[in-house]
Amino acid sequence: MKLHRINGIKPFSALIEACWREKYTLSRFTHDVIAGITVGIIAIPLAMALAIASGVPPQYGLYTSAIAGIIIAICGGSRFSVSGPTAAFVVILYPVSQQFGLSGLLMATLLSGLFLLLMGLCRFGRLIEYIPLPVTLGFTSGIAITIATMQVKDFFGLTMTTVPEHYTEKVVALIQALPTLNLADTLVGATTLFVLIIWPRLGIRLPGHLPALLAGVAVMAVIGHFFHMDVATIGSRFSYLLDDGTRGQGIPAILPRFEFPWNIPSSDGQTLPLTWKSLSALLPAAFSMAMLGAIESLLCAVVLDGMTGRKHHPSSELLGQGIGNMVAPFFGGITATAAIARSAANVRAGASSPISAVIHALLVLLSLLVLAPWLSYLPLSAMASLLLLVAWNMSEAHKVVYLLRRAPRDDILVLLLCMSLTVLFDMVIAITVGIVLASILFMRNVARMTRIIELPGTLPGERLVLRINGPLFFAAAERIFSELMERSEQYPVVILQWEAVSVLDAGGLSAFLRFVELLPAEKHLVITDIPFQPLKTLARANVAPIANRLSFYATLPQALTETTPHQETPSS
């Protein structure tokens, strides 16, 4: 089967390569089924917890895992990625849902999908390679801190009328609310978190999410039966309204259905009208979602490549993410991207193709029909425990500590700045400032590497032979040619070997031409061993030899042989 390309991109590349070009056997299908069920068990509670953390009822997290999970798996470029709601989005989605409601959040998701689609069509997939590690580690750690802080209220069962938007005010409000701590919620949350922490050490292959939740529910039942203490649950906080006017508690046992995102009301019945004003207000958040979705999905694909030895198609993955986020809002799905933890579990469970991600999504749909009444009994403090562990894993604290102890000062500065800006302000601001600062520091370090070395062949008072090591770009050229001007004062002939000049940009060219112009009339400048890129730059600028002032030679030995002080030198 021949793939039809769109602007050089292969749509559905992962599915076609895994299930068509490679023989898809019954054995592979069996492994995909097992992997899909394993990941589905993990995804069901996480999807609900992440929806709650994003400020919307839990069923919308399940809709996201189901609809976006199927579409992205089919259309994307990574055969092992499992997509759905992720913790990284919480810090963006929660303010949007609070300000614009559910319909506004779905419209922002739709716009973010359009941005991702354009990124894929423009083949921006490889740009992830240019984001430095301190930047990605800084903003992911900052997001983890923010997510963990947001779970404190439900974990301890605190009573708070409002939760401030800004981080510092939020921390102050949480501290002030500590006297309202609910012991029952805290015990359930602590039990769930304890099981989640010790479960991997037991060596049991079953994911720990389900046993931890069951342990939390068991503690809730004991506390309620013997001590008559109430615990906040999904059913006690969330309600839904059916078409016949019936209102229920918890999660409705109905499948997602097609509906325009701007017509899907919040729990208070409010919607956001589709107007140019509302779309303009949502654009900044939508762009943030798209940026984070692109970074997270491509980072996930890179991690999976390292685990499996396979290669993903980055621009096709962005294309799939864009299509998934454009379609999901029409079925109540919020923003989705590839989830690293779920995708890694998918690989470890033996997945061989995107079919496993599709099966995971179908299991989520099945849970809506079969398990909805039971899911309503899940304690909110137990869901907060799940997200606390997710935040801890997301923070990659061991990498942060290693970088703080071993990395250069510049990288530490970028890391701390990105982390602080993410927590205190906004992820997009953090990434933008981090990349700009990292780029400036990198250029400064590269500029310092460009230096001048004196070579054999120098004759005191007659000929100076120098080698330039490093790129002649705008950050280094002025310094290099200023130094050359000083060192060449006593020499009528200056020979420069450019063999190690890898780059000559517009700034370097300008500094070179100014150096030639400022040379005294009696001086003769000779350039040798010019690499292809600098030679091409000189040729495009029409730089030509000047008799007795500027000459070019192919090699340094030739220049030393044919160039002698106080003698007219032929140009070549």
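Nothing here was measured: the structure is a model prediction, and the numbers come from that model.

Reading the values: rules and limits
- Residues numbered from 1 in each chain as written.
- Predicted model: local features only at pLDDT ≥ 70, side-chain atom pairs only at ≥ 80, totals over all residues.
- Heavy atoms only, no water.
- Core = buried A, V, L, I, M, F, W, Y, C linked by side-chain atoms within 4.5 Å.
- Buried < 20%, exposed > 50% of the residue type's maximum accessible area, 1.4 Å probe, protein only.
- Helix = DSSP H or I, 4+ residues; strand = E, 2+ residues; numbered from the N terminus.
- Contact = heavy atoms within 4.5 Å.
- Domains from an automatic or database assignment.
- Salt bridge = Lys/Arg side-chain N within 4 Å of Asp/Glu carboxyl O.
- Disulfide = S-S within 2.5 Å.
- Phe/Tyr/Trp six-rings, centres within 6.5 Å; stacked < 30°, edge-to-face > 60°.
- Pairing = 2+ DSSP bridges.
- Axes fitted to C-alpha atoms, helices over the stretch in contact; angles between N-to-C directions.

Our focus in this paragraph is the nonpolar core. One finds M48, I143, I234 and M289 to be the most contacted residues of the largest nonpolar core, which totals 92 residues. Of all the elements, helix α4 (residues 90-121) adds the most residues to this core, at 15 residues. Those residues in contact with M48, other than ones at most four positions away along the chain, are P58, L62, I234, I251, L375, L378 and M383. Formed by 28 residues, the second largest nonpolar core is a distinct cluster that contains W498, L504, V516 and L550.

Taken domain by domain, the protein consists of domain 1 (13-396) and domain 2 (450-563). For domain 1 versus domain 2, the separation of C-alpha centres amounts to 59 Å.

Scanning the model with the defined rule gives 11 salt bridges in all. Its salt-bridge partner being E483, residue R487 comes within 3.4 Å of it at the nearest N-O pair. Taken together, the residues R487 and E483, both in helix α19 (residues 474-487) and 4 residues apart, mark about one turn of the helix. Here E483 falls in the partly exposed class, since its relative accessible area comes to 26%. Residues joined by salt bridges that share partners form a network here, namely E22, R28, R79 and R310.

Looking now at the state of the cysteines. Counting across every chain of the model gives 0 disulfides. Free of any disulfide, C300 has its nearest cysteine sulfur in C75, 17 Å distant.

This paragraph deals with the packing of aromatic side chains. Within this structure, the stated rule accounts for 14 aromatic pairs. With a centroid separation of 5.2 Å and an interplanar angle of 15°, the aromatic rings of F260 and W262 are classed as stacked. Relative accessible area serves as the criterion here: at 38%, F260 is assigned to the partly exposed category. Cluster of aromatic residues (ring-pair linked, three or more members): F258, F260, W262, F330 and F331.

A separate point is the sheet that holds strand β8 (residues 524-528). Taken in spatial order, the 5 strands of this open sheet run β5-β6-β7-β8-β9, and their pairing is mixed. Edge positions in the sheet fall to β5 (451-454) and β9 (550-553), since each has one partner strand and no second. Geometrically, the sheet is characterised by an average inter-axis angle of 25° between neighbouring strands, direction not taken into account. Taken together, the 5 bridges between strand β7 (residues 493-500) and β8 define a ladder with parallel strand orientation. Its bridge partner lying in β8, I495 is registered against V526. Relative to β5, α19 is tilted by about 30°, and along the sheet it contacts β5, β6 (463-469) and β7.

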